[in-house]
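# Examining the three-dimensional arrangement
Chain residues, written in single-letter form:
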Amino acid sequence: MNRTVTIVMYHYVRDLERSRFPAIKGLSLERFRRQLDHIQANFTPIGVEDVLEALAFPEFELPANPILLTFDDGYSDHFLNVFPMLDARGMRGCFFPSAQAVLEHVVLDVNKIQFVLAAVPDMQRLLDQVLSALDEFRPEYALRTREEYAATVVEEHRYDPREIILFKRLLQRELPEPVRAEIVRRLFAEYVSADEAAFACELYVSVEQIACMQRHGMHIGSHGYSHLWLSHVSLETQIEEVDRSLDFLRQTGVSTENWTMCYPYGGFNESALRVVEDRKCRLGFSVEARIANLDIDHRLALPRIDTNDLPS
Ligand SMILES: [Zn+2]
């Protein structure tokens with residue numbers, strides 16, 4: 001009996017060529033359309049409820065080649081582009097907005113970093129700018145040397161060259177939070193936009209759009225409050241991130257009875273698992289790139305493949 005599910009992860013889905021940032025890493029509308037054609041020809045799209053039923057009842061038969069589509073970060077792309085295409089095909093998707101981006105009209109650091117990278121082709125210049133800025137913060141923070149930071153990334157990565165991984169790592173989690181936030185803020189203001197709130201309103205879905213997608217059968221789950229690596233923060237912060245994201249879902253009219261957790265950056269640890277488990281989370285999604293097996297994988301840490309792993 002089949003107990004495997006292909007879970008696919010998407011981020012940006014937009015008309016890249018005609019957008020202001022054509023270098024942003026995402027899927028064009030044309031490629032997304034072709035991928036949906038491929039999926040409908042080769043897989044059976046299912047929803048979160050089907051996975052829950054399969055987990056609850058071992059005799060529940062999943063359809064042949066089941067596939068679950070997940071969309072991270074709550075981009076307006078998902079409301080404007082993805083939702084109508086899925087709806088027209090009678091397909092469902094799972095959407096994971098970060099609460100802070102929607103509620104406070106701030107651009108998440110993860111996205112500021114992406115848009116800076118898309119706006120500045122000279123990677124070495126950006127990296128030098130970050131490492132030089134560190135000296136300014138040394139009197140106040142116990143920072144490591146440039147060489148030590150440069151050595152924090154040694155592993156090869158599937159999609160990005162080493163310099164880009166290092167740039168992202170430093171600004172996503174290696175540097176102390178106030179230092180990272182300030183450097184990212186400066187880079188974003190210099191290279192992308194001086195009006196963060198306006199940019200955020202364009203970039204993310206609104207509360208109304210989330211409610212609308214939900215009314216039309218789309219699943220909405222948690223992606224934390226402020227998109228932190230849950231594996232790199234205190235238990236107290238993990239609890240706060242999860243609880244505030246659940247409050248956000250309830251305020252938006254999303255039922256949290258069968259809620260799901262999509263860990264930002266795929267980052268979780270034992271204590272994060274306990275936090276979501278204690279709050280009766282039903283499914284959790286990581287970014288480990290393989291096909292999920294419901295008999296083997298932890299239901300709160302299901303692996304997902306990237307859209308780039310499927311033909312489009
Ligand atoms: Zn995310």
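Here the structure is a predicted model, which is why all the values come from computation and not from measurement.

Core analysis: the largest hydrophobic core is formed by 46 residues, its most contacted members being L126, F167, L171, L175, I183 and L187. Mapped by element, the contributors of at least two residues to this core are helix 5 (109–119), helix 6 (123–137), helix 8 (162–174), helix 9 (177–191) and helix 10 (196–203). Residue contributions to this core peak at 8 residues, all from helix 6. Two domains each provide a minimum of three residues to this core, namely domain 1 (4–97 + 205–309) and domain 2 (109–197). Membership of the second largest hydrophobic core comes to 44 residues, among which are V8, Y225, V242 and L273.

Surrounding the zinc ion are the protein donor atoms D73 (OD), H223 (NE2) and H227 (NE2), which sit 2.0 to 2.1 Å from the metal. Considered as a linear motif, the donors of the zinc ion on their single chain read D-x149-H-x3-H. Taken together, the positions of D73 in the loop between strand 5 (66–72) and helix 3 (76–88) and H227 in the loop between strand 7 (219–220) and helix 12 (235–251) put the pair 154 residues apart, joining distant regions of the chain. As far as burial versus exposure is concerned, D73 and H227 are alike and both buried.

Domain assignment breaks the protein into domain 1 (4–97 + 205–309) and domain 2 (109–197). Relative to domain 2, the C-alpha centre of domain 1 lies at a distance of 27 Å. The interface is formed by 16 residues belonging to domain 1 together with 12 residues belonging to domain 2. Summing both sides of the interface, domain 1 and domain 2 together bury roughly 1,200 Å²; the carbon and sulfur share of this comes to 60%. Three residues, F21, W229 and Y265, lead the burial of domain 1 against domain 2; their summed loss comes to 38% of the area buried on that side. Counting across the interface, domain 1 meets domain 2 through 0 salt bridges. On the surface where domain 1 and domain 2 come into contact, there are 4 residue pairs in polar contact (both at pLDDT 80 or more). A class-by-class count of the residues in the side of domain 1 that touches domain 2 yields 8 nonpolar, 3 polar and 5 charged.

Our focus in this paragraph is unusual backbone geometry. Positive phi, close to 85 degrees, is recorded for D73, a residue that is not glycine. Unlike most non-glycine residues, H227 shows phi in positive territory, near 55 degrees. Classification of H227 by relative accessible area gives buried; the value is 6%.

Quick notes on the rules
- Residues numbered from 1 in each chain as written.
- Predicted model: local features only at pLDDT ≥ 70, side-chain atom pairs only at ≥ 80, totals over all residues.
- Heavy atoms only, no water.
- Core = buried A, V, L, I, M, F, W, Y, C linked by side-chain atoms within 4.5 Å.
- Buried < 20%, exposed > 50% of the residue type's maximum accessible area, 1.4 Å probe, protein only.
- Helix = DSSP H or I, 4+ residues; strand = E, 2+ residues; numbered from the N terminus.
- Domains from an automatic or database assignment.
- Donors = N, O, S within 2.8 Å, 3.2 Å for Na, K, Ca; no water.
- Contact = heavy atoms within 4.5 Å.
- Buried area = accessible area lost by both parts, 1.4 Å probe.
- Salt bridge = Lys/Arg side-chain N within 4 Å of Asp/Glu carboxyl O.
- Polar contact = N/O pair within 3.5 Å; in protein donor to acceptor, adjacent residues only side chain to side chain.
- Nonpolar A, V, L, I, M, F, W, Y, C, P; charged D, E, K, R; others polar.

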